[in-house]
Amino acid sequence: MDNNELLEEIKDLYTEGSFNSRWIEIETNHQIGVMLNKLEPSEELLHTIAKYLKKSEDFLIDCQLFAEEHPNLNETKFDKTISWSQIRKNLRPKRETRGKRSEERRVGKECK
C-alpha cells in the first residue's frame, strides 16, 4: 500500500466513523421526539424531563419537531456531514413559532 492509498483508507475510516457517531445521536434524538409526541407532555413535564437530562426545553422541542418532520428516519436523505446541530439550526424557525404559540396559550389562560 502506497502513501496515497493509506491516506485514502484512513480518510474513509474517519469519515465513516464520524458519520456513524453523529447518526447515533440523530437516531437517539429522533426516538426521544417520537416518544414525546406520543405522550404529548405538559409544559411542566417537558421542563422536568429537560432538567433530568440536563438539556434545554428547546432541545426536547427540537426532538419533537424533527420526529414530526421525519416520521420515518430511514427514508431521510442526509449526506455524510449531517449533524444534530445542523438539524437544530434548520428547526429553529419552527421552534420559535411553536414557542410563540405556547406563549399565546399561556397568556390566554392567565387572562381567563
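Everything below is about the structure printed above this text.
About the criteria used
Residues numbered from 1 in each chain as written. Predicted model: local features only at pLDDT ≥ 70, side-chain atom pairs only at ≥ 80, totals over all residues. Heavy atoms only, no water. Helix = DSSP H or I, 4+ residues; strand = E, 2+ residues; numbered from the N terminus. Buried < 20%, exposed > 50% of the residue type's maximum accessible area, 1.4 Å probe, protein only. Contact = heavy atoms within 4.5 Å. Areas by Shrake-Rupley, 256 points an atom, 1.4 Å probe, with all protein chains shown as cover. Salt bridge = Lys/Arg side-chain N within 4 Å of Asp/Glu carboxyl O. Axes fitted to C-alpha atoms, helices over the stretch in contact; angles between N-to-C directions. Parallel < 35°, antiparallel > 145°, perpendicular 65-115°, else oblique. Nonpolar A, V, L, I, M, F, W, Y, C, P; charged D, E, K, R; others polar. Patch = residues over 30% accessible without salt bridge, like charges linked within 9 Å, V, L, I, M, F, W, Y side chains within 5 Å.

Novice: Help me understand the overall build of the chain in this model?
Specialist: If you tally the helices and strands in the chain, you get 4 helices and 0 strands. Across the chain, helices and strands are ordered from the amino to the carboxyl terminus as α-α-α-α. For the chain, with 112 residues in total, the buried portion stands at 27%. Within the chain, counting contacts between residues at least 6 apart in sequence, those at least 24 apart form 71% of the total. Surface accessibility of the chain: about 8,500 Å² in total, with carbon and sulfur atoms responsible for 53%.

Novice: What should I look at first to understand unusual backbone geometry in this one?
Specialist: For residues that are not glycine, phi is negative in most cases, and the peptide bond is trans in most cases. Of note, the phi angle at Glu40 is positive, near 50°, even though the residue is not glycine. One can find Glu40 in the loop between helix H1 (3-39) and helix H2 (43-53). When its relative accessible area of 65% is taken as the criterion, Glu40 is described as exposed. If you check the backbone angles, Lys54 has positive phi at about 60° while not being a glycine. Residue placement: Lys54 occurs in the loop between H2 and helix H3 (57-69). Residue classification places Lys54 among the exposed residues on the basis of a relative accessible area of 76%.

Novice: How should I be thinking about the side chain of Gln64 in this particular structure?
Specialist: Take Gln64: it is sitting in helix H3. Residue Gln64 is classed as buried on the basis of its relative accessible area of 9%. When sequence neighbours within four positions are dropped, the list of residues in contact with Gln64 reads Gly33, Leu36, Asn37, Pro41, Leu46 and Arg98.

Novice: Is there a simple way to think about the pattern of salt bridges in this case?
Specialist: Inspection of the entire model under this criterion finds 5 salt bridges. As a salt-bridge pair, Arg88 and Asp62 come within 2.6 Å of each other at their nearest N and O atoms. Remark: Asp62 occurs in helix H3 and Arg88 occurs in helix H4 (residues 84-111); sequence separation between them is 26 residues. Given a relative accessible area of 21%, Arg88 falls into the partly exposed group.

Novice: I'm lost on the packing of H1 against H3 in this one. Help?
Specialist: How two helices pack is summed up by the angle between their axes together with the distance between the axes. Relative orientation of the contacting elements H1 and H3 amounts to 90°, with a least axis distance of 7 Å. On the basis of the axis angle, H1 is roughly perpendicular to H3. Of the residues in H3, those in contact with Ile26, Asn29, His30, Ile32, Gly33, Val34, Leu36 and Asn37 of H1 are Phe59, Leu60, Cys63, Gln64, Phe66, Ala67 and Glu68. Of the residues in the contact of H1 with H3, the class split is 9 nonpolar, 5 polar and 1 charged.

Novice: It is not clear to me how a nonpolar patch on the surface should be interpreted in this structure. Could you clarify?
Specialist: On the surface, a nonpolar cluster with roughly 330 Å² of combined accessible area is contributed by Met1, Leu6 and Ile10. By the element assignment, Met1 lies in the segment before H1. Looking at Met1, the relative accessible area reads 72%, which means it is exposed.

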